[in-house]
Amino acid sequence: MMRPRSANPILRSAALALVFAACASGDSGTSDNVVTTPPPTRPDTLDVFTPGNIFSPTSAEIRVGGTIRWRISESPDGRGHNVIFSGNAAGKPADIPIVKGVVVPRTFTRTGTFPYTCTIHPGMDGDVVVR
């Protein structure tokens, strides 16, 4: 009776050594690429709208040197809106007088939180966060 020829013992040993080495290192034969998400970027320019008697968004976040553009529409009562910044924070931009149908930009040169309100319409408040 003739026995089938076995594979070369040296090749078989080398193959087993590779399998054991892969298992010992935790390599499953697949790439464990880790996908990292970059941190969110803050925009240089952001628009704040006045649909009705609210600021939208109510909180706007930009980076230092960024600009907020208030797109001020006519209010439901026909008067328009203003933007009055609270407090005496350094870097606070100039207030915006009562206007309607215009775009008014303001650039923020310092970090901080800058709350503002429309003094014509109670409860119409917002803030700009500069980081």
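All residue numbers refer to positions counted from 1 along the written sequence of the respective chain. Per-residue local features of the predicted model are confined to residues with pLDDT of at least 70, and side-chain atom pairs are confined, for both listing and counting, to 80 or more; whole-chain, interface and lining totals are unaffected and use all residues. Side-chain metrics in this entry use all non-hydrogen atoms of the structure; hydrogen atoms and water are not considered.

J.: Help me understand the sheet that holds strand 4 (residues 81–85), please; the structure alone is not making it clear to me.
T.: Neighbouring strands of a sheet are bound in pairs by backbone hydrogen bonds; such pairs are parallel or else antiparallel. By definition, two strands form a pair when at least two bridges between them are found by DSSP. A helix here means a DSSP run of H or I that spans at least four residues, while a strand means a run of E at least two residues long, and both kinds are numbered starting from the N terminus. Taken in spatial order, the 5 strands make up an open sheet running 2-8-7-4-5, and their pairing is mixed. The open sheet is flanked by strand 2 (59–62) and strand 5 (96–99), the only strands paired with a single partner. Neighbour-to-neighbour, the strand axes of the sheet open up by a mean angle of 20°, direction not taken into account. Note on definitions: angles span 0 to 180 degrees between N-to-C directions of axes, and those axes are lines fitted to C-alpha atoms, for helices only across the stretch in contact.

J.: Whenever I open this one, the sheet that holds strand 1 (residues 45–49) confuses me. Can you help?
T.: Spatially, 1-3-6 is the arrangement adopted by the 3 strands of the open sheet, whose pairing is mixed. In this open sheet, the two edge strands, each paired with only one partner strand, are strand 1 and strand 6 (102–107). When the angles between neighbouring strand axes are averaged without regard to direction, this sheet yields 25°. Bridge count for strand 1 against strand 3 (residues 67–72) is 5 bridges, and the pairing is parallel. The residue bridging Thr45 from the neighbouring strand is Thr67, located in strand 3.

J.: Is there a simple way to explain the packing of aromatic side chains in this structure?
T.: Pairing of aromatic side chains here covers Phe, Tyr and the six-membered ring of Trp, requires ring centres within 6.5 Å, and sorts the geometry by plane angle: under 30 degrees stacked, over 60 edge-to-face, intermediate tilted. The full count for this structure, using the stated rule, is 6 aromatic pairs. Both rings, one in Trp70 and one in Phe85, keep their centres 5.9 Å apart while their planes meet at 80°; by these two values the pair is edge-to-face. Taken together, the positions of Trp70 in strand 3 and Phe85 in strand 4 put the pair 15 residues apart, joining distant regions of the chain. A single burial state applies to Trp70 and to Phe85, both of which are buried. The classification of residues rests on relative accessible area computed with a 1.4 Å probe and restricted to protein chains. Under 20% of the type maximum is buried, over 50% is exposed, and intermediate values are partly exposed.

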